[in-house]
Amino acid sequence: MKLEEIKQITVLGSGVMGHGIAQGFAMGGYPVVLYDIDDALLRVALSHIRESLALFREAGLVSPEETTAVMERLSVSTDLKQAVENSEFIIEVIPEILDLKQSVLKEVEALCPGNAIIASNTSHLRVSEVFASLEDPSRSVGAHYFNPPQICPTVEVVKGEGTSDATLSLTYDLMKKIKKVPVRLHKDVVGLVVNRLQTALLREAFYLYEEGVISAEDIDHAVRGSLGFRAASIGPMAMVDMGGLDAWLDCCEKLLPIMDAGTDGPKALKTLVADGHTGIKSGKGFYEYAVDFSQDGLDEAVKKRDREFLDRLKRRFLSTPAP
Ligand SMILES: NC(=O)c1ccc[n+]([C@@H]2O[C@H](COP(=O)([O-])OP(=O)(O)OC[C@H]3O[C@@H](n4cnc5c(N)ncnc54)[C@H](O)[C@@H]3O)[C@@H](O)[C@H]2O)c1
């Protein structure tokens, strides 16, 4: 199949990630069918998309006319056959339960066009296992987004064991077409790349916090003004090139032997979770939240975050060619 032959997209699952992924395709000009198991969930998803589009409008990234057009490109369905039978690209964004994904995808394969690509947004399952129930895995691919998916540019496009090169390339091109910043993963590794990098950073952050070296607040200040500040412009590999590979080799040889290499859940997290402190939603995590973070408070916090992200998206990713 050629990129021009992709005429309609289906997103299966309208939760935290699904509605934003659907919004991204609709903003990229595609008619999108958003599918879920219940009408009430789809109504909530559409209202989240409307709210998000209002933020895009406020940021000057879409016009009022385009907002209306985006909403018109979106349709919803609770009928799987109707949702997938006319789409050339279908992405599942349903809960991270292997059996559930496999059984839904098997049904999808039987109902969708023979040439359609079937993608998965799985974070922690192996893409090849998610698609193990497919008769033709050459049309399967991982397409891993970051929350909020309608804003975060990167999508990890993942080659499962059965994925054909043509499917990988076409998915990559589709992501570019809707102004995402896709990266190709040539092997299907658990956790993919970005979550593995992030977990490596967090393991050391939790260790230093637990050892009393630094407060949680100062870890955040330190990262935002150094690693985060630089990473918004240049990635870690370019940074090493600029600093000198010899200097970084020396740094690795000195630090790696003394850094945390634990493979258990970090103590800092276990202690807080055991006490019921699960973060903003419970009123306490590494910080205390004085305000009432019932749903309204959370919505406001998400809007504040998204405004800042949109500002960065506009300045760094949409005003210049993608890095
Ligand atoms: N939340 C994140 O930050 C994040 C980031 C990247 C990837 N992911 C991955 O995306 C997927 C979805 O995660 P989420 O956070 O959006 O979950 P979620 O629970 O918010 O949403 C899942 C949606 O799927 C629907 N659903 C359940 N069974 C279904 C079925 N049989 N058919 C169709 N829809 C069904 C649910 O009703 C729900 O609306 C998971 O694989 C997850 O690992 C999540």
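Just above sits the structure.
Everything numeric in this text was worked out from a predicted model, so none of it was measured. Along each chain, the written sequence defines residue order, and numbers are assigned to residues from 1. Only residues with pLDDT of at least 70 are given local features in this predicted model, and only at 80 or more are side-chain atom pairs given and counted; all residues enter the totals for whole chains, interfaces and linings.

Draft legend 1. Inspection of the site of the ligand at higher detail. Near, for a residue, is defined by distance from a backbone-placed C-beta atom to a molecule or strand, with 6 Å as the limit that must not be exceeded. Around the ligand, the surrounding shell holds 23 residues, and the nearest of these are Gly 13, Gly 15, Val 16, Met 17 and Asn 147. Note on residue classes: Ala, Val, Leu, Ile, Met, Phe, Trp, Tyr, Cys and Pro are nonpolar, Asp, Glu, Lys and Arg are charged, and everything else, Gly too, is polar. Counted by class, the shell around the ligand contains 12 nonpolar, 9 polar and 2 charged residues.

Draft legend 2. Geometry of the pairing of strand S7 (residues 154-158). The element S7 is largely enclosed, with a buried count of 4 among its 5 residues. Strands pair, by our definition, only if DSSP identifies at least two bridges between them. Numbering of helices and strands runs from the N terminus, with a helix taken as a DSSP run of H or I at least four residues long and a strand as a DSSP run of E at least two residues long. In terms of strand pairing, strand S6 (residues 140-144) meets S7 through 3 bridges, oriented antiparallel. Across the sheet, residue His 144 finds its bridge partner in S7, namely Glu 156. By convention a crossover is right-handed if, when the strands point away from the viewer, the path from the first strand over the helix to the second runs clockwise. Considered for its hand, the β-α-β crossover made up of S7, helix H7 (residues 165-177) and strand S8 (residues 181-185) is right-handed. Buried means a residue has 20 or more other C-beta atoms within 10 Å of its own C-beta, exposed means 12 or fewer, and partly exposed covers the counts in between; C-beta atoms are placed from the backbone.

Draft legend 3. Structural view of the sheet that holds strand S2 (residues 32-35). If you walk across this open sheet you meet the 8 strands as S3-S2-S1-S4-S5-S6-S7-S8, and the pairing is mixed. Edge positions in the open sheet fall to strand S3 (74-77) and S8, since each of these has one partner strand only. Each strand of the sheet is rotated relative to its neighbour by a mean of 25°, with strand direction disregarded. Both S2 and S3 contribute to a ladder of 4 bridges, which runs parallel. Its bridge partner lying in S3, Tyr 35 is registered against Ser 77. Axis lines are fitted to C-alpha atoms, over the contacting stretch for helices. Their N-to-C directions set the angle, which ranges from 0 to 180 degrees.

Draft legend 4. Seen up close, the nonpolar core. With 53 residues, the main nonpolar core has Val 11, Val 32, Leu 34, Phe 89, Ile 90 and Ile 91 as its most contacted residues. We call two residues in contact whenever the C-beta atoms placed from their backbones are within 7 Å. Discounting residues that sit within four places of it in the chain, Val 11 has contacts with Gly 18, Ile 21, Ala 22, Val 32, Leu 34, Tyr 35, Ile 91 and Val 93. Buried Ala, Val, Leu, Ile, Met, Phe, Trp, Tyr and Cys residues whose C-beta atoms connect them within 7 Å together make up a nonpolar core.

Draft legend 5. Spatial organisation of the packing of helix H2 (residues 39-58) against helix H3 (residues 64-73). In contact at an axis separation of 10 Å, H2 and H3 are set at 155° when each is read in the N-to-C sense. What the angle tells us is that H2 and H3 run roughly antiparallel. Of the two elements, H2 crosses H3, and the hand of that crossing is right-handed. Taken together, the residues of H3 that come into contact with H2 (itself represented by Arg 50, Leu 53 and Arg 57) are Pro 64, Thr 67, Val 70 and Met 71. In the contact of H2 with H3, the residues fall into 4 nonpolar, 1 polar and 2 charged. By definition in this entry, angles of less than 35 degrees are roughly parallel, angles greater than 145 are roughly antiparallel, angles of 65 to 115 are roughly perpendicular, and the rest are oblique. By definition, turning the near helix anticlockwise from the far helix through less than a right angle yields a left-handed crossing, and turning it clockwise yields a right-handed one.

Draft legend 6. The arrangement of unusual backbone geometry in detail. A cis amide bond links Asn 147 to the next residue, Pro 148, at an omega of 0°. Mapped onto the secondary structure, Pro 148 falls in the loop between S6 and S7. The backbone of Lys 179 shows a phi angle near 70°, a positive value even though the residue is not glycine. By the secondary structure assignment, Lys 179 is in the loop between H7 and S8. A residue is classified by how many C-beta atoms lie within 10 Å of it, and Lys 179, with 14 of them, is partly exposed. Despite not being glycine, Leu 192 has its phi angle at roughly 55°, a positive value. Relative to the elements of secondary structure, Leu 192 occurs in the loop between S8 and helix H8 (194-210).

Draft legend 7. Fine view of the packing of H8 against helix H13 (residues 267-274). Closest axis-to-axis distance for the H8/H13 pair is 8 Å, and the angle between their directions is 75°. Considering their axes alone, H8 and H13 lie roughly perpendicular with respect to each other. On the side of H8, the interface is formed by Phe 206, Tyr 209 and Glu 210, while H13 contributes Lys 267, Ala 268 and Leu 269. Of the residues contributing to the contact of H8 with H13, the split by class is 4 nonpolar, no polar and 2 charged.

Draft legend 8. Layout of helix H1 (residues 18-27). The buried count for H1 comes to 10 of 10 residues, which makes it a mostly enclosed element. Buried residues of H1: Gly 18, His 19, Gly 20, Ile 21, Ala 22, Gln 23, Gly 24, Phe 25, Ala 26 and Met 27, and no others. Directly beyond the C-terminal end of H1, a positive phi value near 100° is found at Gly 29.

Draft legend 9. Up close: the pairing of S2. The alternating pattern of S2 places Val 32 and Leu 34 on one face and Val 33 and Tyr 35 on the opposite face, and all of these are buried. Judged from the 4 bridges that link them, strand S1 (residues 9-12) and S2 form a sheet pairing that is parallel. Its bridge partner being in S2, Ile 9 is matched across the sheet by Val 32. Each parallel crossover has a hand, and the one from S1 via H1 to S2 is right-handed.

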